[in-house]
Amino acid sequence: MNRLAHETSPYLLQHAHNPVDWFPWGAEALQKARDENKPILVSIGYSACHWCHVMERESFENQQVASLMNAHFVCIKVDREERPDVDAIYMDAVQAMGVQGGWPLNVFLMPDAKPFYGLTYLPPQQWMNLLGSVRSAFNEHRDQLADSAEGFARQLNMSVSEQYYLTNQAPAFSRELLDAMYQKLSASFDPVKGGPRRAPKFPMPSIYGFLLRFYQVTQNQEALQHIRRTLDFMALGGIYDQLGGGFARYSVDDQWFAPHFEKMLYDNGQLVTLYSEAYSLTQRDLYRQTVYQTIEFLKRELTSPEGGFYSALDADSEGVEGKFYTWTTAELQTLLGDDFNWFSELYHISPDGNWEEHAGVGRNILHRVSTDEDFARMQGLTQAELSDRLTRTHQKLLAVRDQRIRPGLDDKILCSWNGLMLKGLVTAYRVFGEPSFLELAERNARFIREKLTQPETGRLWHSYKSGANSAPGMATITAYLEDYAAVIDAYLALYQATFNESYLQEADRLARYTLDQFWDEEDHLFFFTDQTAEALIARKKEVFDNVIPASNSIMAHNLYTLSLLLERPVDGSPAYTDLVNAMLGRVQPLLQQNADYLTHWAALYALRVQPTAEIALVGPETQAFRKEIDQRFYPNKVLAGTETTSDLPLLENRSTLNGQTAIYVCYNRACQLPVTSVEEAFQNLEQ
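Residues numbered from 1 in each chain as written. Predicted model: local features only at pLDDT ≥ 70, side-chain atom pairs only at ≥ 80, totals over all residues. Heavy atoms only, no water.

1. Looking at the sheet that holds strand S23 (residues 670–671)
Part 1 of the argument: Spatially, S21-S20-S22-S23 is the arrangement adopted by the four strands of the open sheet, whose pairing is mixed. Lying at the two open borders of the sheet, with one neighbouring strand each, are strand S21 (637–642) and S23.
Part 2 of the argument: For strand S20 (residues 613–618) and strand S22 (residues 662–667), the ladder comprises five bridges, and the chain directions are antiparallel. Along S22, the bridge assignment pairs Ile615 with Val665.
Part 3 of the argument: In the packing of helix H22 (residues 551–566) onto the sheet, contacts are made with S20 and S21, and the angle to S21 comes to roughly 40 degrees. (Pairing = 2+ DSSP bridges. Helix = DSSP H or I, 4+ residues; strand = E, 2+ residues; numbered from the N terminus. Contact = heavy atoms within 4.5 Å. Axes fitted to C-alpha atoms, helices over the stretch in contact; angles between N-to-C directions.)

Right, dumping it as structure tokens:
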């Protein structure tokens, strides 16, 4: 057993019994490398990573390989989800070396932790050959390696402005630039199956969040069709668990058919938000089903007894990828009996299996191309009859599936990912009005306040692990910007769903903390790490949106919402408007060049092209009116409300209208005459 046995990360614990003498990232390992003048091998992965498991089985459990690693390197294992700061630095370094990044990420460092070489997965013999070559190079060409490492470290420490030639400028919001962003982005659209025109296909929710906001401004039908095409095929495809709900991380093909089967909390949180918003626009029942089923999956498989949400489910079970989720044709015939024929037609079951063979037997991924409505019509059924059949067959198959050996659960609870899921639940509640969604959301918000917020300082923790056998849980690791950004976003949504001002106050407090501890006045952007956190070889900023939006773009959205809800025009405090304008001004040249990796920034830009509606509700029917407003698609708004009185800027000195609940529609703090129905309010919005 190595030093990982005392860690809380499931990924590190998976390696605790390796013959490799693994250290966790920390002072002990780094000091050992300096004291013994040894190169460092940092191996970075995560628990749901298929190729991480493969490399562990082939190499890190192999005594011969381990002996070579132990003799020549100080070996450090990192869970990228626990330490995204370490992962980001060394991923950037490897990409600067001209190597395509991915996980497992294996990086060789000088004893001072500066990188000189890196790569991803290798088979065992090639890995052993590489270990020998790297150690020989360290012994014989150390000066050259040190120079190379120094160069990479210098590059890592360049500011965003230096790297991309950005200057301090005021943002200019125009429909022309918004259209140009869309045109460049749309060049990569798959006109048949939606998503990008390539494989593998990742969901990338922020792209469609931008398209929804672009559509509100432009009414561009092509954009709407791409949203619908993508969301339809994803929800019908193999990337979505047709029986149990929830999305896998990506599909390996360009059809949304064969997933890489791991299920991540961060994907599902964002996709609940996306499908809820898209439902408010399209009223497609498929999207409603997808949201409800995914939240049921969350409750069933990713919710801790304390109200936190676990991180992920593995792709593999019994050492086989996808075994838990796939079926042989013979199994389905036996289990479904008379229902097999129509079921196999709906889900494209093949006699020999529609997917890979395992142990000589073909397996099937359940996937479809027809909606319930279309398939019922083709079968001569009513939708109610088809719904009954689906319920019956799904329950039967789920009962059998639940008896199988389950994929591994990564049961660490990450603050940032919980924030993303919390935002999804609140958005779903606002659109569908389902009370259980709000109940689950508020329970999670209490968990974040009680378990992931330090009572003495009010700072956040990044990670939490429940205790075994009723022992108390433990929060660890100083929170990153991603944690503050996602939680602030969720609290702002919760305020607008409930009008409980404590959520808004906590969002404001956390935002002020980030400005004290993360803000860089030179770049007009936030650092990723708290200035009180462990100093690494570089202090990075996260600017480009990926599968999860960049923490800086989420913070820009947050500051904009806070400016609308809290800023008073008189004293200009807090100056959230100035800060968000500085951020958008800094990244606008990048948006003009290519918005592909800046789509969450582009979504905020779309909101700024037209004035944002500030809607104030005052009176006893405030919640009923809020519910009616939220069921309609109108993303460019903020809501404030009170049944009595409030000191918030949007509500101050506002009152009911002859005792009736009043709706005030305002732009830039200038309000139209109050009205007493949502219909009248929307007429004001559309003028």
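Let us keep going from here.
2. Some thoughts on the environment of Asn552
Part 1 of the argument: Assignment of secondary structure puts Asn552 in helix H22.
Part 2 of the argument: Asn552 sits in the buried class, given a relative accessible area of 0%.
Part 3 of the argument: Once the C-alpha coordinates of Asn552 and His226 are considered, the two residues, 326 residues apart in sequence, prove to be 27 Å apart.
Part 4 of the argument: Aside from chain neighbours lying at most four places away, what touches Asn552 is Leu481, Leu525, Phe526, Lys541, Glu542, Met583 and Trp601. (Buried < 20%, exposed > 50% of the residue type's maximum accessible area, 1.4 Å probe, protein only.)

3. Remarks on the packing of helix H18 (residues 415–432) against helix H19 (residues 435–451)
Part 1 of the argument: At their nearest, the axes of H18 and H19 sit 8 Å apart, and the two run at 155 degrees to each other. The pairing of H18 with H19 is recorded here as roughly antiparallel in orientation. Once H18 is placed against H19, the crossing between them reads as left-handed. Contacts between H18 and H19 involve Asn418, Leu422, Leu425, Val426, Ala428, Tyr429 and Phe432 from the former and Pro435, Phe437, Leu438, Leu440, Ala441, Asn444, Ala445 and Ile448 from the latter.
Part 2 of the argument: Within the contact of H18 with H19, the residues separate by chemical class into 13 nonpolar, two polar and no charged. (Parallel < 35°, antiparallel > 145°, perpendicular 65-115°, else oblique. Left-handed = near helix turned anticlockwise from the far one by under 90°. Nonpolar A, V, L, I, M, F, W, Y, C, P; charged D, E, K, R; others polar.)

4. Some points on the sheet that holds strand S14 (residues 409–410)
The pairing of strands in a sheet happens through backbone hydrogen bonds and is either parallel or antiparallel.
Part 1 of the argument: Taken together, the three strands give an open sheet; going across it, the order is S8-S9-S14, and neighbouring strands pair in antiparallel fashion. Two strands close off the open sheet at either side, each with one partner strand: strand S8 (263–264) and S14.
Part 2 of the argument: The pairing of strand S9 (residues 312–313) with S14 spans two bridges and is antiparallel. Across the sheet, Ala312 pairs through a bridge with Asp410, a residue of S14.

5. As for the nonpolar core
Part 1 of the argument: Counting 191 residues, the largest nonpolar core has Met69, Phe108, Trp127, Phe210, Leu211, Tyr491 and Trp601 as its most contacted members.
Part 2 of the argument: With 13 residues, the top contributor of residues to this core is helix H20 (residues 481–498).
Part 3 of the argument: Apart from the residues within four sequence positions on either side, Tyr491 is in contact with Leu422, Ala445, Ile448, Arg449, Tyr503, Glu506, Ala507 and Leu510.
Part 4 of the argument: The next biggest cluster of nonpolar side chains, apart from the first, holds 26 residues, and it includes Trp25, Ile40, Val94 and Leu105. (Core = buried A, V, L, I, M, F, W, Y, C linked by side-chain atoms within 4.5 Å.)

6. A few points about the pairing of strand S5 (residues 115–119)
Part 1 of the argument: Burial within S5 is extensive, with four of its five residues counted as buried.
Part 2 of the argument: Between strand S4 (residues 105–109) and S5, which pair antiparallel and follow one another directly, the connecting turn spans five residues, one of which, Ala113, has a positive phi of 75 degrees.

7. What to know about the side chain of Asp85
Part 1 of the argument: The residue Asp85 is located in helix H5 (residues 84–96) in this model.
Part 2 of the argument: If sequence neighbours within four positions are ignored, Asp85 has contacts with Tyr480, Phe528, Thr529 and Leu536.

8. Considerations on helix H17 (residues 383–401)
Part 1 of the argument: Under the 1.5 Å per step criterion, the end-to-end length of H17 is 26 Å for 19 residues, consistent within 8% with the ideal 27 Å.
Part 2 of the argument: Within H17, burial applies to Leu386, Leu390, Thr393, His394, Leu397, Leu398 and Arg401. In a view along the axis of H17, the buried residues occupy a sector of 135 degrees, so they form one face of it. Structural note: H17 exposes Asp388 and Gln395 on the side pointing more than 90 degrees away from its buried face.
Part 3 of the argument: Where H17 is buried, its residues contact helix H14 (329–336), helix H15 (340–346) and helix H16 (372–379). (Expected span 1.5 Å × (residues − 1). Arc of directions from axis to C-beta.)

By themselves, these figures tell us nothing about what the structure is for.
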